[in-house]
Amino acid sequence: MKSILLALALLSGSAMANPYNFKHDHSEHFLRIEVLKERGLHFEIRNKLDTSKRIWTTPMVTRDLLTRDFSTKVLGTTLENKDFVVKVNKSNLCVNVYDKNQKLTLMDTCPIKMDQYWKGLSIHSTTTKNLYGLGQYFTNPGTADGDLIGRVWDPLMHGHGNALRTFSKGANGYAMFPVLYSMGKTNENFLFFYDNVYKQMWSLNQTPYKVESYGDQIRWFVFSANNIRKLRQKYMKLTGHAPVPKKDVFGLWISEFGYDSWKELQGEVDDLKAKGFPLDGAALDLQWFGGSFYQGDVDRTGSQFGSLTFDTKNFPNPKETIADFKNRQGISLMPIEESYISKWIPEHKDLASKNFMATFCGTDSPAELTANPWWGIGGMLDWTNNAAGDYWHDLKRNKLTELGLVHHWTDLGEPEMYHEDSCYFGFPELGKIKHADVHNIYNFKWLESIDRGYKRNKVTTRHFMMSRSGTAGIQRFGSGFWSGDIGANMNAMTAHYNAQMHMSFSGVDYYGADIGGFHRSDYTLDGDANELFTQWFANAALFDFPIRSHTWNTLNDRVTSPSKIGHTASNLANTKLRYKLFPYYYSLAHNAYLKGDAIINPMPLVYPHDLNVRQMGNQKMIGESLMGAMVARYGEWQRSVYLPKGKWFNFHTEDFYQSNGQYVHKISAWPKGTFQVPLFIREGAIIPTMNIDNKTMNISGKRKDGSVDTSFNLLIVPSITASVFTIFEDDGQTHEYKNDMVAKTKITQVLNKNILEVTIDKTLGNFKGQKLTRNVELIVLAKEIFKATLSGKTLKVKKLKDNKYSVQVSKVNFRKENKFILNLSAY
């Protein structure tokens, strides 16, 4: 009797339930609604009621946010809790969502063709002014600006969604992250997440908006918040926070397609070091395992794809050489890997015998890829089978880890090549095993297998992946993203930085490009290659992770190192700027890990009420205190910069600006004889910095004499409004920061009647190698500093230039609070 009453309660949608179920009046379709805490709703439309389970989620979702709210009241077809009023129309299963906190209707959603395989939703919102997210989709070459209003994310008739597609004389990655942010004119906000891994058509050029896809069910989430930043935090909790990468990921890396030997790579490293460049890493393309690239009808029986073993003819003594790069030269290496296994190597037979490869459907035979055999002929590993991923990791990557390699460059993961008649392990609980079922989750599962392998084997060193494809949630595996085989031209570069804006909304903080363009030739270039590289590199030094130039150079007829192409002095100055600001970036990375905030913020995330920045991708906030204004035009030696309301300082010149939300003009891109992107610092900023000179070897502060610089430097912009910044420090290598082995030092500043107080709180927490007695330098922007003291002791004040002063003190004890008092003349 109890089971019958429970079933009736579930069907009627009573408060005993959650999900709440509503049957369509004219068919066997059901709408299921889970009301979630933290202002969230989870929906599903399906053709069969299943009251025994919660709404299914794809692997994109972590479920951490999916705590159900059982306080919901039900009256007929209306659900109500403290956050929402949800009204259901049973005649068409349309849903109206009213947000009680924002006091507005967020949206009306209606199913489209719910009884067909190609189905979806219409989304009507009267408050939407701007839309963001949806991952990486390239459009509008030549501009970094633009939200998603008016755009169509078209997966193409014969595509599956994620793909490498022609764009601006290159081949860029298109990757679906099915998250859409809506901002209203007066900052009304909602987040819509379409929990589907099939290809999707997003039509945002019509009213109502539409999303259509394949699939048996339609599943989606809605979240609301009064602040767009909080919405991103909810999304990051839903799909997973990014761990903090090793320090080297924040530095300069060199790369090309590709280095033919250790000797060639060492030559590039030596040239950079001779010219004063710090360096943190080098990426090894397929030549490291003996891979080659040919076009035309050639014998591919020698292909080594899938071996993932060093070609010892050109890369001899890998253990000793890798150790030398790491220990003596302070450089990490990142080898490339692909999912393709040549049929001519033993690994193919081994994987086939274990059924760990994609197979022709209905057989146990690996699906053979022959259509474009540039890499060889063979099959592809089935990452959707966790057992296959675990086996491969233990067989191959464990050996690389033992050599000291913990960074992985995952290429061709869209996947670029596949057989339409392939079957996979897939999602057996759903009966989804064909290629279309797994295409857009394939690279996700690859990255997951790497992360799982490191955790399963209890490797203490942090790992990082640089991926060309993926979907929502890859960030939680420690993966970054690069934009594909981009063309060498300004149109492509600017579009990349528009894509970065939407990728930041989509949860990807560690994002970059092949600086200078992968496809570089007379056909792709639209101007001087050196000027293009100089500008691209300057932008990347502020916005990319890692800073990595890369180009197609199999004939060794091109250069890609910043010491050899572009304006060398400018490239060096921009590299040193990134390294100088590294402690600030690293603290932002910790904050992103803890809270889900962005590192490179699209302007609307920091200034949601300023309608002037809603489509602005050419300016970006680094954290909340620095703003970079990219330059991407030949002969553009100065530009206009929009300054949101407040006081701002030109980072390069220390010029002061009071803005009411306006443009300032003729800001130089050659402020000190080198090309540098205009960079502004906000009043009240507290920016930790590191010492950097020609003896600095890498971003960890290692110097040529073998010492490590642990100085504690702060750049302060005084403000009468008190401000706070917390500096995070750890060992930079291991996962111990997750076990609270991290030092947190809170800094505050406040200006009161020309008396500036800068307080360095007692450092909390510890980590291996921590220094609690350190030299401190304060760089303060002020018209003049008359006196500076620490604990009553007068300190020496040094004028660096107009409006910039230095206060230094040796051997400061960080086991206690230190308060600096500065008498100054402020702006």
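Residues numbered from 1 in each chain as written. Predicted model: local features only at pLDDT ≥ 70, side-chain atom pairs only at ≥ 80, totals over all residues. Heavy atoms only, no water.

## Regarding the overall build of the protein chain
Alright, step 1. Summing up its helical and strand segments, the protein chain has 13 helices and 51 strands in all.
Alright, step 2. Relative to its length of 827 residues, the protein chain is compact, with a C-alpha radius of gyration of 27 Å against a globular reference of 28 Å.
Alright, step 3. With the principal axes as the frame, the protein chain shows a C-alpha extent of 85 × 70 × 50 Å.
Alright, step 4. Relative to its full complement of 827 residues, the protein chain shows a buried share of 63%.
Alright, step 5. Counting only contacts in the protein chain whose residues sit at least 6 apart along the sequence, the fraction spanning at least 24 positions is 70%.
Alright, step 6. Looking at the protein chain as shown, the accessible area adds up to about 30300 Å², and 50% of this sits on carbon and sulfur atoms.
Alright, step 7. Taking the average location of the 99 positive side-chain charges in the protein chain and that of its 83 negative ones, the two points are 7 Å from each other. (Helix = DSSP H or I, 4+ residues; strand = E, 2+ residues; numbered from the N terminus. Rg over C-alpha atoms; globule rule 2.2 N^0.38 Å. Buried < 20%, exposed > 50% of the residue type's maximum accessible area, 1.4 Å probe, protein only. Contact = heavy atoms within 4.5 Å. Areas by Shrake-Rupley, 256 points an atom, 1.4 Å probe, with all protein chains shown as cover. Lys, Arg positive; Asp, Glu negative; His and termini not counted. Charge placed at Lys NZ, Arg CZ, Asp CG, Glu CD.)

## What about the sheet that holds strand 42 (residues 712-716)?
Alright, step 1. With respect to topology, 5 strands assemble into an open sheet ordered 41-42-46-50-49, the strand pairing being mixed. Sheet topology places strand 41 (686-689) and strand 49 (797-801) at the edges, where each strand pairs with a single neighbour. Across the sheet, the mean angle separating the axes of adjacent strands is 25° when strand polarity is ignored. (Pairing = 2+ DSSP bridges. Axes fitted to C-alpha atoms, helices over the stretch in contact; angles between N-to-C directions.)

## Points about the sheet that holds strand 14 (residues 179-184)
Alright, step 1. Overall, antiparallel pairing links the 7 strands, which are arranged 1-2-3-18-15-14-10 in an open sheet. Of all strands in the sheet, those with a lone pairing partner are strand 1 (20-23) and strand 10 (128-133), marking the two edges. If you compare each strand with its neighbour and ignore which way they point, the axes differ by 20° on average.
Alright, step 2. With 5 bridges connecting them, strand 10 and strand 14 associate as antiparallel partners. Bridging from a neighbouring strand, Tyr132 pairs with Tyr181 of strand 14.

## Focus: the packing of aromatic side chains
Alright, step 1. Going through the model one piece at a time under the given rule, you end up with 58 aromatic pairs.
Alright, step 2. Between Phe257 and Trp552, the ring centres sit 6.0 Å apart and the planes meet at 50°, which makes this aromatic pair tilted. A residue pair is termed long-range when its members are at least 10 positions apart, and Phe257 in the loop between strand 19 (252-254) and helix 3 (262-274) and Trp552 in the loop between strand 32 (547-549) and helix 11 (568-580) qualify at 295 residues.
Alright, step 3. The exposure class of Phe257 is buried, given its relative accessible area of 7%.
Alright, step 4. Their ring planes at 45° and their centres at 5.9 Å tell us that Trp262 and Phe325 sit as a pair that is tilted. Taken as a pair, Trp262 in helix 3 and Phe325 in helix 4 (residues 318-328) lie far apart in primary sequence, 63 residues in all. Just as Trp262 is buried, Phe325 falls in that class too.
Alright, step 5. Site record: aromatic cluster; members linked through ring pairs are Trp262, Trp288, Phe289, Phe305, Phe310, Phe315, Phe325, Tyr340, Trp374 and Trp375.
Alright, step 6. Lying over the aromatic face of Tyr523, Lys169 brings its terminal NZ or CZ to 5.0 Å of the ring centre.
Alright, step 7. Positioned over the ring face of Tyr585 is Arg578, at 4.7 Å from the centre of the ring. (Phe/Tyr/Trp six-rings, centres within 6.5 Å; stacked < 30°, edge-to-face > 60°. Lys NZ or Arg CZ within 6 Å of the ring centre and 35° of its normal.)

## Points about helix 5 (residues 346-353)
Alright, step 1. Listing the buried residues of helix 5 in full gives Glu347, His348 and Leu351. Seen from one end, helix 5 has its buried residues packed into an arc of 105°, which puts them on one side. Every exposed residue of helix 5 that faces more than 90 degrees away from the buried side is listed here: Pro346, Lys349 and Ser353.
Alright, step 2. The elements touched by buried residues of helix 5 are strand 22 (340-342), strand 24 (378-380) and helix 6 (386-402).
Alright, step 3. Two residues or fewer after helix 5 comes Asn355, characterised by a positive phi angle close to 60°. (Arc of directions from axis to C-beta.)

## Some remarks on the pattern of salt bridges
Alright, step 1. Tallying each qualifying case throughout the model produces 46 salt bridges.
Alright, step 2. Arg468 serves as the salt-bridge partner of Glu416, at 2.6 Å between the closest nitrogen and oxygen. With Glu416 in the loop between strand 25 (407-410) and strand 26 (422-427) and Arg468 in the loop between strand 28 (464-467) and strand 29 (479-482), this residue pair connects regions lying 52 residues apart in the sequence.
Alright, step 3. In this structure, Arg703 engages Asp693 in a salt bridge whose closest nitrogen and oxygen atoms are separated by 3.1 Å. (Salt bridge = Lys/Arg side-chain N within 4 Å of Asp/Glu carboxyl O.)

## Description of the environment of Met357
Alright, step 1. One can find Met357 in the loop between helix 5 and strand 23 (359-360).
Alright, step 2. Taking the relative accessible area as the measure of exposure, Met357 reaches 2% and is therefore buried.
Alright, step 3. Residues Met357 and Gly379, spaced 22 residues apart in sequence, show a C-alpha to C-alpha distance of 6.9 Å.

## Here's the deal with the state of the cysteines
Alright, step 1. Applying the stated criterion across every chain yields a total of 2 disulfides.
Alright, step 2. Bridging Cys94 to Cys110, the disulfide has an S-S length of 2.0 Å. The sign of the 120° torsion about the S-S bond sets the Cys94-Cys110 disulfide as right-handed. Residue Cys94 is located in strand 7 (residues 94-99), and its partner Cys110 is located in strand 8 (residues 104-112); the two are separated by 16 residues in the primary sequence.
Alright, step 3. Residue Cys94 is classed as buried on the basis of its relative accessible area, which comes to 15%.
Alright, step 4. With relative accessibility at 22%, the residue Cys110 sits in the partly exposed group.
Alright, step 5. The disulfide that involves Cys361 links it to Cys423, with 2.0 Å between the sulfurs. On the sign convention where negative is left-handed, the bridge of Cys361 and Cys423, at about 100° about the S-S bond, is right-handed. (Disulfide = S-S within 2.5 Å.)

## Regarding the side chain of Asp382
Alright, step 1. Mapping Asp382 onto the fold places it in the loop between strand 24 and helix 6.
Alright, step 2. Look at Asp382: it is buried, it has no salt bridge, and the nearest opposite charge is Lys445 at 8.9 Å.

## Points about the pairing of strand 21 (residues 332-337)
Alright, step 1. Within strand 21, 6 of the 6 residues are buried, which leaves it mostly tucked inside the rest of the structure.
Alright, step 2. On strand 21, burial covers both faces: Ser332, Met334 and Ile336 on one face and Leu333, Pro335 and Glu337 on the other are all buried.
Alright, step 3. Looking at chain direction, strand 20 (residues 281-284) and strand 21 are connected through 4 bridges and run parallel. Looking across to strand 21, one finds that Gly281 is bridged to Ser332.
Alright, step 4. In this sheet, strand 25 lies alongside strand 21 in parallel orientation, the contact comprising 2 bridges. Bridge assignment links Ile336 to a residue of strand 25, and that residue is Trp409.

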